[in-house]
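Okay, here's what each chain looks like letter by letter:
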Amino acid sequence: MTSAPQELIALDAVRKSYNQGKPSEAEVLHGISLQVRRGEFIALMGPSGSGKSTLLNILGLLERMTSGSYRLDGEVVQGLDDAALTLCRRRTLGFVFQFHHLLPAFSALENVTLPALMAEGRVSAVQRERARSLLAAVGLAQAMDKRPGELSGGMQQRVAIARALVMDPPLVLADEPTGNLDTASSAEVFALLRRIHAERGTSFVVVTHDPRLAARCDRLVELIDGRIARDEAIAAGVEPAPGALAV
Amino acid sequence: MLIWPGFELRVALRFLREGRMQTLLIIVGVAAGVAVIAYISALISGLQSNTLAKTLGAQAHITLRAPDDLVTPAALPVAGAGRLTETQPRAQRLRSVANWQALVPLLEGLPAVAGVSPMVSGAGLALRGEASQAIALMGVDLDRYDRVVGLRSKVISGIARLAPGEAIVGRELAADLGVRVGDRLTVQTGSVSGTVTDSVRVTALVDLGVKDLNRRTVIVPLRAAQSLLALPGGASQLDLTLKDVWVAQTLARELQGQFPYKIESWQETNAQLVSALNAQSISTAIIRGVVLAVVVLGIASVLVVSVVQKGREIGILRAMGATRGQVLRVFLVQGAVVGALGSALGLLLAVALIWVFTHFVRGSDGLPLFSIALAPATALQVALIASACGVLAAVAPARRAAALDPAQAIRM
């Protein structure tokens, strides 16, 4: 990590419009500039329609910005073609979505090994072992061969987290990872993210509506009407002891 | 970057397995299409080769005769002057193919030719007691003629033999005259100069496959026919049999260019049959084409639905780092797998249909109509075409899947 630049994300004056050139054109991001260093744990907050998801999609290379510049892990990504963006995504990013988004036809273990399968066409013994230990680490040692349909919401989300981490990306983007869970599962999943952050130094950008969860992050970025309204460090992330994790 | 498509195969197979009923139905649909195509192909090729064998079994592939007698105008037309003519065509005499003895080894030397048989043929009467029948008299060298039409295999009683004074007659003619093997009958021919008769002993009865032929055919040694038909030392035609019946037309045209004879291929002699066979082949091709189109549309419609159903999963795969190419291939593989499985099942079904046909469909005589079989080459060809059509059918849905915007797909 010492040789890699400290800066992971550098957004400069990023704008995003939908329906460009049409009467219904609407700009949802008005010149966002944001720097994220390696190892940061950021909460991205804001009311509905503030542009959080759009910003997350742009960070995740799933959507293209209309103007501005974006450097991800040292690479300038605006102007890259779809194939290059895909490879960059594969190398740099892990995703955790609100609705788990596992593939229902694959077992938990297979879901976690999918990124390796798509990168190399096969899953090596080392990668399979890594997927197993990740699943064990998120408390699913007994559920590896179960299909998503056989798992609870919290368990599915933990599978999704293991999947996001399997290629060991420097950055994980999470879109309301606990939005669909009850309070207990929600706390568990969030604690898991913090623990991974502490153990691996992975950076996180987590979109959340929940101020209590946001309070447990290191930095809070609040978006209102497509502009950054607040960007501040949070004094003391309240981290539960690892023992509190029901894994 | 070339990597083993393990991801595409795995995801494609899992998607197919997940869509159980949908997958099963479309595979059965493809199988039905493939079965129809394979069965029709086998049936038509069996029918055609049977028809050809029956038709060509009793005739030469190429016949070479002396050129027709033509009336040549007495005076050349004067340039610029109009001329009105009315020409009475000449009656055609029976004439010998000039120099045929020298021609036979020459024709036999051609690589495409399997056998050459000289023949003298003409009209006559067969007489026995009070009965008389009009006949087609043929004088042949038995061994050579056998090579052309397989005469010995058509013998139904007696032993084919043509020593001087012997004859082979058609089954119906024998019945009409009331002769059996070993009996004698009188053959009479006539011309303006008088009639010639000869007495022959029947050595064998033959069934040439066509009743009308059986009612008229009398086969005698070449020499006997030469004297009966007043063509001493001559041959009114040369019959050629070829190794491949389909080169007959080309070869006939080639020979026509080299020799001053009247040369006809079996296709010209049986123009109606050939056009019927062609019409049949074209209809078969149309049926095959339409069935294939239905198969393609069936696979495509199922995959289009699948793309819609799997939109969100496709979005997740793209977010996880699947390239557009990988998503495209996932659906192409699905088309190929459906096509291949459907083909395999369809071929089994076609074999079953053919078995049913050969075992249960009988003609009026209680014997199987004709034999049909699915040639391995045809089976392989049908299977390959159907699998290729599977991939083809998947192209549009696959492109649609690959073009999905991942951010939108995930929100679906």
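Right above here is the structure, for reference.
**Student:** So what exactly am I meant to see when it comes to a nonpolar patch on the surface here?
**Tutor:** All names here are of chain B. A grouping of Met-21, Leu-24, Leu-25, Val-28, Leu-345 and Leu-348 is seen on the molecular surface, where their side chains present a nonpolar patch of about 620 Å² in accessible area. Looking at the nonpolar patch, the elements with two or more residues in it are helix 2 (20–56) and helix 12 (324–360). By residue number, the principal contributor to the nonpolar patch is helix 2, which donates 4 residues. One can find Leu-348 in helix 12. Of the residues examined, Leu-348 reaches a relative accessible area of 61% and is grouped as exposed.

**Student:** Any chance you could explain the side chain of His-61 of chain B here in plain terms?
**Tutor:** Residues and elements named next belong to chain B. Looking at the secondary structure, you find His-61 in the loop between helix 2 and strand 1 (62–65). Looking at His-61, the relative accessible area reads 8%, which means it is buried. Polar side-chain contacts of His-61 include one of 3.4 Å to the side chain of Thr-241. Setting aside anything within four residues of it in sequence, one finds His-61 in contact with Leu-56, Leu-240, Thr-241, Leu-242, Val-245, Ala-248, Glu-264, Ser-265 and Trp-266.

**Student:** Looking at this model, I keep getting lost on the sheet that holds strand 8 (residues 203–207) of chain A. Mind explaining?
**Tutor:** Where strands meet in a sheet, backbone hydrogen bonds hold them as pairs that are either parallel or antiparallel. Residue and element names in this part refer to chain A. The mixed open sheet is built from 6 strands, whose spatial order is 6-7-8-3-9-10. Only two strands of the sheet have a single neighbouring strand rather than two, namely strand 6 (93–96) and strand 10 (227–233). Taking each pair of neighbouring strands and ignoring which way they run, the sheet shows an average axis angle of 15°. Lying on the sheet, helix 5 (residues 153–165) is in contact with strand 6 and strand 7 (171–175); it crosses strand 6 at an angle near 170°.

**Student:** Just checking my understanding: could you explain the interface of chain A and chain B for this structure?
**Tutor:** Many descriptions give the size of an interface as the accessible area lost when the pieces come together. In this complex, chain A contributes 24 residues to the contact, which on the side of chain B involves 27 residues. Counting each side, the surface lost to burial between chain A and chain B is near 2,500 Å², with a carbon and sulfur contribution of 63%. Here chain A and chain B share 4 salt bridges between them. Note that Arg-324 of chain B is salt-bridged to Asp-82 of chain A, the shortest N-O span being 3.2 Å. Remark: the boundary between chain A and chain B carries 10 residue pairs in polar contact (both at pLDDT 80 or more). Contributions of two or more residues to the side of chain A that touches chain B are made by helix 2 (82–92) and helix 3 (108–120) of chain A. The greatest single-element share of the side of chain A that touches chain B, amounting to 7 residues, is contributed by helix 3 of chain A. Looking at the side of chain A that touches chain B residue by residue, the classes come out as 12 nonpolar, 4 polar and 8 charged.

**Student:** Would you mind showing me how to read the nonpolar core here?
**Tutor:** Within soluble globular proteins, side chains that are nonpolar generally end up buried alongside one another. By size, the foremost hydrophobic cluster in this structure holds 55 residues, and its most contacted members are Leu-114 of chain A together with Phe-7, Val-11, Ile-299, Leu-317, Phe-331 and Leu-374 of chain B. Residue assignment for this core shows that the elements contributing at least two residues are helix 3 of chain A together with helix 1 (6–18), helix 2, helix 10 (271–309), helix 11 (311–319), helix 12 and helix 13 (376–403) of chain B. In terms of residue count, helix 12 of chain B provides more of this core than any other element does, 10 residues in total. Beyond its immediate stretch of four places on either side in the chain, Leu-114 of chain A contacts Leu-103 of chain A together with Phe-7, Val-11, Leu-317 and Met-320 of chain B. Among the nonpolar cores identified, the runner-up in size contains 50 residues, and Val-104, Val-220, Leu-251 and Ile-263 of chain B belong to it.

**Student:** Would you mind showing me how to read the pairing of strand 8 of chain A here?
**Tutor:** Looking along a regular strand, one sees side chains alternate from face to face of the sheet. All names here are of chain A. Where burial is concerned, most of strand 8 is hidden: 5 out of the 5 residues are buried. With burial as the criterion, each face of strand 8 is covered, one bearing Ser-203, Val-205 and Val-207 and the other bearing Phe-204 and Val-206. The pairing of strand 3 (residues 41–45) with strand 8 spans 4 bridges and is parallel. What sits directly across from Ala-43, in strand 8, is Val-206. Two strands pair when backbone bridges link them, and strand 7 and strand 8 are joined in this way by 5 bridges, in the parallel orientation. Note that in strand 8 the partner of Asp-175 across the bridge is Val-207.

Calculation rules
- Residues numbered from 1 in each chain as written.
- Chains lettered and ligands numbered in written order.
- Predicted model: local features only at pLDDT ≥ 70, side-chain atom pairs only at ≥ 80, totals over all residues.
- Heavy atoms only, no water.
- Patch = residues over 30% accessible without salt bridge, like charges linked within 9 Å, V, L, I, M, F, W, Y side chains within 5 Å.
- Areas by Shrake-Rupley, 256 points an atom, 1.4 Å probe, with all protein chains shown as cover.
- Salt bridge = Lys/Arg side-chain N within 4 Å of Asp/Glu carboxyl O.
- Helix = DSSP H or I, 4+ residues; strand = E, 2+ residues; numbered from the N terminus.
- Buried < 20%, exposed > 50% of the residue type's maximum accessible area, 1.4 Å probe, protein only.
- Polar contact = N/O pair within 3.5 Å; in protein donor to acceptor, adjacent residues only side chain to side chain.
- Contact = heavy atoms within 4.5 Å.
- Pairing = 2+ DSSP bridges.
- Axes fitted to C-alpha atoms, helices over the stretch in contact; angles between N-to-C directions.
- Buried area = accessible area lost by both parts, 1.4 Å probe.
- Nonpolar A, V, L, I, M, F, W, Y, C, P; charged D, E, K, R; others polar.
- Core = buried A, V, L, I, M, F, W, Y, C linked by side-chain atoms within 4.5 Å.

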